[in-house]
Amino acid sequence: MDRPKPFNISQELVWDAYQQVKANKGGAGVDRESLTEFDKKKDSNLYKIWNRLSSGSYFPPAVRGVEIPKKQGGTRMLGVPTVSDRIAQMTIKLMFEPLVEPDFLQDSYGYRPNKSALDAIGITRKRCWSYDWLIEFDIRRLFDNIDHELLMRAVRKHTDDKCILLYIERWIKAPLEMVDGTVINRTSGTPQGGVISPILSNLFLHYVFDTWMTNNHPSSPWCRYADDGVPRAQAKAA
């Protein structure tokens, strides 16, 4: 007889997570295992992920660091988790997202269900006709610099589920392994490229920007897509 698991995670949820990860595609992590390789032992691999997640014994491997060029010049560090880790992250994301999504504000558009970059462009274009000026901003290295203590404080405002809290804290601390084999321990940030990272960055900015703007500058509407945003002010006279 199987012993009861500390965390109530269904195998169906892990299967749903796998389906979404497969649809999103993506490259291999530090173990060099592709989705095709993962699928060769799919049932066994998915069982391992479920068993470890539900027993509290899942520890994420290092994230593969990949530098990609930026349009404006320079490079951006992308963190690529393993296929198994992406599925594990997606499982917890599916549990956590319904707890935070209802509290996110209307003008936050990035990485959210039923919202898109085109929606953000549309509302920005519409509002431009009603205001004299705007400020466009891009938060520098947001994913690298999020304070872990403040982030976990925000997570705890939305859930006391020990499973979610345990794994989010493990993921934000997962080290980064570079191409040359160098391992960098993380003391801040959440890897850009991780499945759980977009919702965590949105949660962080929900408090430090969205809610702050709404409370302190109610007459200045804003629009934010991930770490890019456009606040406006000084309404035109009729």
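Just above sits the structure.
Residues numbered from 1 in each chain as written. Predicted model: local features only at pLDDT ≥ 70, side-chain atom pairs only at ≥ 80, totals over all residues. Heavy atoms only, no water.

Novice: Mind showing me how you'd approach the sheet that holds strand E6 (residues 183-184) here?
Specialist: Neighbouring strands of a sheet are bound in pairs by backbone hydrogen bonds; such pairs are parallel or else antiparallel. The strand order across the open sheet built from 4 strands is E2-E1-E5-E6, with neighbouring strands paired in mixed fashion. The open sheet has two free edges, formed respectively by strand E2 (75-80) and E6, since each of these has just one partner strand. Here strand E1 (residues 63-69) pairs with E2 via 6 bridges, running antiparallel. Each residue of the ladder has a partner; that of Glu67, found in E2, is Met77. (Pairing = 2+ DSSP bridges. Helix = DSSP H or I, 4+ residues; strand = E, 2+ residues; numbered from the N terminus.)

Novice: Can you walk me through the pattern of salt bridges in this structure?
Specialist: Once their charged atoms are close, side chains differing in charge can pair, the charge on each being opposite to the other. On inspection of all chains with the given rule, the structure shows 8 salt bridges. Residue Lys40 pairs with Glu37 through a salt bridge whose shortest N-O separation is 2.9 Å. On the criterion of helical spacing, the pair formed by Lys40 and Glu37 is a turn pair, its members being 3 residues apart in helix H2 (residues 35-40). What makes Glu37 partly exposed here is its relative accessible area of 39%. Salt-bridge contacts for Lys173 lead to Glu169; the nearest nitrogen and oxygen are separated by 3.5 Å. (Salt bridge = Lys/Arg side-chain N within 4 Å of Asp/Glu carboxyl O. Buried < 20%, exposed > 50% of the residue type's maximum accessible area, 1.4 Å probe, protein only.)

Novice: Please clarify how unusual backbone geometry should be interpreted in this entry.
Specialist: Negative phi characterises most residues that are not glycine, and trans characterises most peptide bonds. Even without being glycine, Asn114 reaches a positive phi, approximately 65 degrees. Tracing the backbone through its elements, the reader meets Asn114 in the loop between helix H4 (83-100) and helix H5 (117-128). Using a relative accessible area of 80% as the deciding quantity, one classes Asn114 as exposed. In this structure, Arg141 takes a positive phi of about 50 degrees despite not being glycine. With respect to the helices and strands, Arg141 occurs in the loop between strand E4 (137-138) and helix H6 (142-145).

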